[in-house]
Amino acid sequence: MEIFQSSTTIFLFFSVLIFVVFLFRLRRKLPYPPGPNGLPIIGNMLMMDQLTHRGLDNLSRQYGGLVHLQMGSLHIVVISTPQMAREVLQAQDSAFANRPANVAISYLTYDRADMAFANYGPFWRQMRKICVIRLFSRKRAESWASVREEVEETVRTIGSSVGSAMNLGELIFALTRRITFKAAFGASLNEGEEEFMGILQEFSKLFGAFNIADFIPWLGWLQHLHAQDFHKRLVNARNSLDVFIDKIIDDHINKRRIGIDNNVDAEKDMVDELMDFLNEGSVGGDDDSLRPNNSQSILKLTRDHIKALIMDVMFGGTETVASVIEWIMAELLKSPMELHKAQQELVDVVGLDRRVNESDLEKLTFLKCVVKEALRLHPPIPILLHETAEDSVIEGYAIPKGTRVWINAWSIGRDKSAWGDPETFNPSRFLNEGAPDFKGSDFEFVPFGSGRRSCPGMQLGVYTVEIAVAHFLHCFNWELPNGMKPNELDMNDVFGLTAPRAVQLVAVPTYRLKCPLY
Ligand code: HEM
């Protein structure tokens, strides 16, 4: 009897083993999605210069909405249609919600101590909760107030040089930089802005720098031999950030002590908000809504977490917002009819006897359509970068664990099956009933992504864009400089972390209101 039982067990064991091996092999046998053939070892690395939103859009026309590329040992799949976007951002969201990071990103984010580059999981979830509740919430009046103050400051600057050509691109970028800087560090810190922007620029360059070890890890030694400079730059950049933000954190600790001693309820910036979680004998901050569940203690942050989170805000909220505002102004200057419609709406809703105020925004329907149309044609983050957390399958194709998943939001916004006349700037398309929205459930329109990794700063970003454009169009008339015709305006973009205009927009404002500007 015992012999019978043990041979049944052995039989069952081997049957299960054979079945598992069979399943595994079956899965391995699935083909990768279609894509260009590569060379041994380097795969498609000779196509590096085509890895832009436009280059990948061309590839999708050849191979379809799901394209496979092999870069050294790295698998990349490119998603270019709304149907495929739905698959990875909704149907299989959790398997596709990791974030890829190269050597530079890992180092500069203190080994992914932030939210934007943290992989999907409990740590990311807690960081996201802190950001959504404490940093980006509509309830955090300070961030929204700093938007209004800085837009007002920019209107004054424009007002002081009416009649002459001005670099609107530069002005807009300076505006969003000041908004995020002030929201992060508070109104009192003015002197460090230039220094901090220098650090940000170096981070940005290092994030995008080519490093062979990211693609062919065993060639990393080559990188060490030839690029010690690169390593030095990484160390220097992070050291500069350490010095800059450590001082700010120390100042905040002191300010808090004085504030608490004197019972002063000072205005809070983002560092203040994060100090509640600092693991250095933190003060306050026992916010129950931030506990994962009742039995667990609240997440404690180190200084590195705070530094990395602040960089998320600076990178996430500066270039993106500036790029949308500049593209809106450029598209309107290129289409005078649409510019006229937007300005006429401001006359109808607000009139020319007073300035726009916050409560007017909800009534500016056409302006909101203009914002959406600019986001469709020029999503500031043209390619959403995800990574698979496990082996997956899409439409019968194998997508191995660790595959980089690039969702081409730029291509998707111009998809011919989803959009009529997709290359034309036509804000009125969004007036139609049932027109797509950017909130995440319409996969033909994903400028903020969708699902777990979608943009947590969307509300703040859209508010900044709407209020800035409303004031620019209401206070001033705009013309191109030196008699330039609208069809002569350069509308090329450049590809980097974002896709801003290749040539900054220059325009001439003239005064439009019947009331004084301020
Ligand atoms: C119009 C302006 C903006 C646009 C178009 C935009 C777009 C995006 C997109 C496409 C993503 C990636 C989604 C994905 O991977 O699926 C993202 C992520 C993110 N954005 Fe924004 N963004 C904007 C403004 C902002 C602002 C103002 C902030 C902060 C103040 C911000 C902070 C972030 C952060 C921290 C992430 C990473 C989220 C995560 O990985 O969980 N963004 N944004």
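Residues numbered from 1 in each chain as written. Predicted model: local features only at pLDDT ≥ 70, side-chain atom pairs only at ≥ 80, totals over all residues. Heavy atoms only, no water.

- As recorded in an unreviewed UniProt entry, the protein chain goes by the name Cytochrome P450 84A1-like, listed as coming from Stylosanthes scabra.

### Description of the sheet that holds strand β8 (residues 476-479)
Okay, so step 1: What the 3 strands build is an open sheet, ordered β3-β9-β8; its pairing is antiparallel. Only two strands of the sheet have a single partner each, and these edge strands are β3 (166-167) and β8.
Okay, so step 2: Alignment of β3 against strand β9 (residues 506-511), held across 2 bridges, turns out to be antiparallel. Residue Met166 lies in a different strand from β9, and its bridge partner there is Ala507. (Pairing = 2+ DSSP bridges. Helix = DSSP H or I, 4+ residues; strand = E, 2+ residues; numbered from the N terminus.)

### Structural notes on the site of the ligand
Okay, so step 1: Taken together, 23 residues are adjacent to the ligand, and Arg99, Trp124, Arg128, His386 and Cys455 come closest.
Okay, so step 2: Arg99 has a polar side-chain atom sitting 2.6 Å from an oxygen atom of the ligand.
Okay, so step 3: Contacts to the ligand include Trp124, whose side-chain N or O atom sits 2.9 Å from an oxygen atom.
Okay, so step 4: Of all the elements in the fold, those that place two or more residues in the shell around the ligand are α5 (122-135), α12 (303-317), α13 (319-334) and β4 (383-387).
Okay, so step 5: Its residues placed into classes, the shell around the ligand shows 14 nonpolar, 6 polar and 3 charged. (Near = heavy atom within 4 Å. Polar contact = N/O pair within 3.5 Å; in protein donor to acceptor, adjacent residues only side chain to side chain. Nonpolar A, V, L, I, M, F, W, Y, C, P; charged D, E, K, R; others polar.)

### Structural notes on the coordination of the iron atom of the ligand
Okay, so step 1: Looking at the protein side alone, the iron atom of the ligand has one donor only, Cys455 (SG), at 2.3 Å.
Okay, so step 2: Structurally, Cys455 is set in the loop between α16 (409-412) and α17 (458-475). (Donors = N, O, S within 2.8 Å, 3.2 Å for Na, K, Ca; no water.)

### Focus on the sheet that holds strand β1 (residues 66-71)
Okay, so step 1: With mixed pairing, 4 strands are arranged side by side in an open sheet as β1-β2-β7-β4. Two strands close off the open sheet at either side, each with one partner strand: β1 and β4. Here the strands of the sheet are splayed against their neighbours by 25° on average, with no regard to which way each runs.
Okay, so step 2: With 4 bridges joining them, strand β2 (residues 74-79) and strand β7 (residues 404-408) adopt parallel strand pairing. (Axes fitted to C-alpha atoms, helices over the stretch in contact; angles between N-to-C directions.)

### A few points about unusual backbone geometry
Okay, so step 1: Residue Arg112 is not a glycine yet carries a positive backbone phi of 60°.
Okay, so step 2: Looking at the element boundaries, Arg112 is found in the loop between α4 (103-108) and α5.
Okay, so step 3: Backbone geometry places Asp421, a non-glycine residue, at a positive phi of 45°.
Okay, so step 4: With respect to the secondary-structure elements, Asp421 resides in the loop between α16 and α17.

### A short note on the nonpolar core
Okay, so step 1: Membership of the largest hydrophobic core comes to 65 residues, with the highest contact counts inside it found for Leu168, Ile325, Ile328, Val465, Phe472, Leu473 and Trp478.
Okay, so step 2: Within the residue set of this core, elements represented by two or more residues are α6 (141-159), α7 (168-185), α13, α14 (336-349), α15 (365-377), α17 and β8.
Okay, so step 3: Once residues within four sequence positions are removed from consideration, Leu168 is found in contact with Met329, Trp478, Leu505, Val506 and Ala507.
Okay, so step 4: Counting residues in hydrophobic clusters, the runner-up holds 51 residues, among them Ala101, Trp124, Phe136 and Val271. (Core = buried A, V, L, I, M, F, W, Y, C linked by side-chain atoms within 4.5 Å. Buried < 20%, exposed > 50% of the residue type's maximum accessible area, 1.4 Å probe, protein only. Contact = heavy atoms within 4.5 Å.)

### Section: the packing of aromatic side chains
To describe a pair of aromatic rings, one takes the distance between the centres and the angle between the planes.
Okay, so step 1: Tallied over the entire structure, the rule returns 16 aromatic pairs.
Okay, so step 2: Arranged with centres 6.1 Å apart and planes meeting at 80°, the rings of Phe203 and Phe207 form a pair that is edge-to-face. Here Phe203 and its partner Phe207 are both found in helix α8 (residues 193-208), 4 residues apart, which amounts to about one turn of the helix.
Okay, so step 3: Look at Phe207 and Phe315: their rings are 5.3 Å apart centre to centre, the planes differ by 50°, and that puts the pair in the tilted class. With Phe207 in helix α8 and Phe315 in helix α12, the pair connects residues that are 108 residues apart, well separated along the chain. The pair Phe207 / Phe315 is uniform in exposure class, with both members buried.
Okay, so step 4: Joined through ring pairs, the aromatic side chains of Trp419, Phe430, Phe438, Phe445 and Phe448 make up one cluster. (Phe/Tyr/Trp six-rings, centres within 6.5 Å; stacked < 30°, edge-to-face > 60°.)

### A look at the environment of Gly159
Okay, so step 1: Along the polypeptide, Gly159 turns up in helix α6.
Okay, so step 2: Classification of Gly159 as partly exposed rests on a relative accessible area of 21%.
Okay, so step 3: The residues touching Gly159, leaving out its near neighbours within four places in the chain, are Phe476 and Leu517.

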